[in-house]
Number of protein chains: 2
Amino acid sequence: MSDAQDHKKKMQQVQAEHRKKVSEKVDPGRGLVLINTGKGKGKSSAAFGVVVRALGWGQTVAVVQFIKGKWKSGERLFFEKHGLVTWHTMGEGFTWDTQDRERDIAAAKAAFGKARELMESGDYDLVVLDEINIALRYEYLSVDEVMDGLKARSDRTSVFLTGRDAPQELRDRADLVTEMTEEKHPFQAGIKAQRGVDF
Amino acid sequence: MSDAQDHKKKMQQVQAEHRKKVSEKVDPGRGLVLINTGKGKGKSSAAFGVVVRALGWGQTVAVVQFIKGKWKSGERLFFEKHGLVTWHTMGEGFTWDTQDRERDIAAAKAAFGKARELMESGDYDLVVLDEINIALRYEYLSVDEVMDGLKARSDRTSVFLTGRDAPQELRDRADLVTEMTEEKHPFQAGIKAQRGVDF
């Protein structure tokens with residue numbers, strides 16, 4: 001058998017296995033719970049990539065940002081300019097900038113109140129809770145209240161939670177957990193954060 | 001000292017350390033080489049999130065897709081509709097669908113020829129080479145020719161390479177490498193790929 005025939009046969013097998021695997025999967029008939037966590041870069045940007053994907057299919061999307069309050073970011077500029085996404089930035093900035101725990105807690109609670117409203121409304125295919133894991137890590141929100149919010153959401157709504165240190169209870173509840181692992185980062189080489197790449 | 005004062009003091013320290021760290025970083029004066037690899041979900045979507053970020057700052061972006069030729073994807077529908085990105089899908093589909101190694105190699109070479117043109121033109125802040133690592137893994141492209149292409153690119157252009165199994169030589173060359181690790185995937189639970197989430 002020639003190399004070309006060999007390749008063809010192998011690919012036919014792979015194709016058949018792939019088709020079989022796909023045919024066995026079912027539609028869950030409900031939105032998914034998705035988590036991007038870990039120390040590596042790409043947690044929020046992958047969620048925003050999924051926002052683009054959803055918008056491409058004509059789906060409706062809302063974003064609540066829990067931490068990067070005052071920061072100007074490319075994603076926020078883009079989605080606000082094009083008016084395609086319901087966008088709420090309710091954190092007041094990184095916690096080391098506010099330096100006021102009570103104010104941070106109030107901001108996180110208000111943000112999650114808004115998030116609950118969006119998740120329960122039935123108006124959205126996708127709600128992104130950006131950096132919510134950080135609010136959990138600092139105990140500005142409790143895991144229980146976030147679990148309650150997920151449970152109370154509309155069946156049609158997928159929820160994407162981002163930020164490092166996702167708590168185990170949330171991971172157990174999720175349909176997808178990706179851990180972003182940092183193998184190499186420009187910061188290590190003394191390169192500063194780049195507009196368009198990092199924010 | 002009260003809890004509030006204690007928190008404030010701690011956050012002031014964190015803020016000072018953060019500012020010091022940031023102030024020591026420099027602008028490289030050139031585009032970066034960025035890699036998302038690993039088996040987990042989020043490699044391409046994180047690159048498309050960075051596309052959004054770049055567009056938000058008014059930067060120019062091109063995308064070359066090496067593998068998902070015939071597939072309709074939300075990201076492609078979105079960016080084509082809004083006409084914001086130079087988009088080339090030059091693969092003819094997954095390799096198990098074409099079943100013709102020579103045709104796959106020709107498609108990969110043509111795609112990389114286009115990619116070189118875009119990277120060298122000086123017209124783009126960001127060029128995404130989506131799933132190029134798969135073309136490398138199947139040896140449709142050589143690592144040397146990709147390294148040459150990166151070397152010949154315009155100084156202003158950052159390049160984002162995605163796909164599992166990024167070769168070591170590319171990792172060594174890159175400014176950023178994130179490994180997406182799959183902790184949990186809906187597929188494992190028998191859930192089929194979801195429009196808006198997976199494609």
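About the criteria used
- Residues numbered from 1 in each chain as written.
- Chains lettered and ligands numbered in written order.
- Predicted model: local features only at pLDDT ≥ 70, side-chain atom pairs only at ≥ 80, totals over all residues.
- Heavy atoms only, no water.
- UniProt positions renumbered as here; feature names shortened; annotations may be inferred.
- Helix = DSSP H or I, 4+ residues; strand = E, 2+ residues; numbered from the N terminus.
- Contact = heavy atoms within 4.5 Å.
- Areas by Shrake-Rupley, 256 points an atom, 1.4 Å probe, with all protein chains shown as cover.
- Lys, Arg positive; Asp, Glu negative; His and termini not counted.
- Charge placed at Lys NZ, Arg CZ, Asp CG, Glu CD.
- Buried area = accessible area lost by both parts, 1.4 Å probe.
- Salt bridge = Lys/Arg side-chain N within 4 Å of Asp/Glu carboxyl O.
- Polar contact = N/O pair within 3.5 Å; in protein donor to acceptor, adjacent residues only side chain to side chain.
- Patch = residues over 30% accessible without salt bridge, like charges linked within 9 Å, V, L, I, M, F, W, Y side chains within 5 Å.
- Pairing = 2+ DSSP bridges.
- Axes fitted to C-alpha atoms, helices over the stretch in contact; angles between N-to-C directions.

- Chain A is annotated in an unreviewed UniProt entry as Corrinoid adenosyltransferase from Ruegeria marisrubri.
- For chain A, the Function (unreviewed entry) comment in UniProt is given as "Required for both de novo synthesis of the corrin ring for the assimilation of exogenous corrinoids. Participates in the adenosylation of a variety of incomplete and complete corrinoids."
- The annotation that UniProt attaches to chain A under Sequence similarities (unreviewed entry) is "Belongs to the Cob(I)alamin adenosyltransferase family."

### Here's the deal with the overall build of chain A
Here is step 1 of the chain: Across its full length, chain A holds eight helices and six strands.
Here is step 2 of the chain: Going from N to C terminus, chain A has its helices and strands arranged as α-β-α-β-α-β-α-α-β-α-α-β-α-β.
Here is step 3 of the chain: With the C-alpha coordinates aligned to their principal axes, the bounding extent of chain A is approximately 70 × 45 × 35 Å.
Here is step 4 of the chain: Excluding contacts between residues fewer than 6 apart, the proportion of contacts in chain A whose partners are at least 24 apart in sequence is 76%.
Here is step 5 of the chain: Of the accessible surface of chain A, which amounts to about 8800 Å², a share of 46% is contributed by carbon and sulfur atoms.
Here is step 6 of the chain: Across chain A, 32 positive and 31 negative side-chain charges occur, with their mean positions spaced 5 Å apart.

### What about the interface of chain A and chain B?
Here is step 1 of the chain: The interface is formed by 77 residues belonging to chain A together with 77 residues belonging to chain B.
Here is step 2 of the chain: Here chain A packs against chain B, burying approximately 6900 Å² in sum over the two surfaces, 63% of which is carbon and sulfur.
Here is step 3 of the chain: Across the contact surface, chain A and chain B share four salt bridges.
Here is step 4 of the chain: The salt bridge partner of A:Arg53 is B:Glu75, with a shortest N-O separation of 2.9 Å.
Here is step 5 of the chain: At the boundary of chain A and chain B, one finds 35 residue pairs in polar contact (both at pLDDT 80 or more).
Here is step 6 of the chain: Taken together, the elements giving at least two residues each to the side of chain A that touches chain B come down to helix H1 (3-23), helix H2 (43-56), helix H3 (74-82), helix H4 (95-98), helix H5 (101-120), helix H8 (168-173) and strand S6 (176-184) of chain A.
Here is step 7 of the chain: Of all the elements, H2(A) adds the most residues to the side of chain A that touches chain B, at 11 residues.

### Structural notes on a negative patch on the surface
All names here are of chain A.
Here is step 1 of the chain: The grouping of Asp144, Asp148, Glu169 and Asp172 at the surface amounts to a negative patch.
Here is step 2 of the chain: Elements that contribute at least two residues to the negative patch include exactly helix H7 (143-151) and H8.
Here is step 3 of the chain: Counting through the fold element by element, aspartate 172 comes out in helix H8.

### Re the sheet that holds strand S3 (residues 86-89) of chain B
What holds strands together in a sheet is hydrogen bonding between their backbones, with the strands either parallel or antiparallel.
Here is step 1 of the chain: One open sheet accounts for 12 strands, arranged S3(A)-S2(A)-S4(A)-S5(A)-S1(A)-S6(A)-S6(B)-S1(B)-S5(B)-S4(B)-S2(B)-S3(B); its pairing is mixed. Looking at strand neighbours, the two that pair on one side only are strand S3 (86-89) of chain A together with S3 of chain B, the edges of this open sheet. Ignoring strand direction, the axes of neighbouring strands in this sheet form an average angle of 15 degrees.
Here is step 2 of the chain: When strand S2 (residues 61-65) of chain B meets S3(B), the two strands line up parallel, connected through four bridges. In the strand pairing of S3(B), B:Gln65 is matched with B:Thr89.
Here is step 3 of the chain: Lying over the sheet, H3(A) contacts strand S2 (61-65) and S3 of chain A, oriented at roughly 140 degrees with respect to S3(A).
Here is step 4 of the chain: Strands S2 and S3 of chain B of the sheet are contacted by helix H3 (residues 74-82) of chain B, whose axis makes an angle of about 140 degrees with S3(B).

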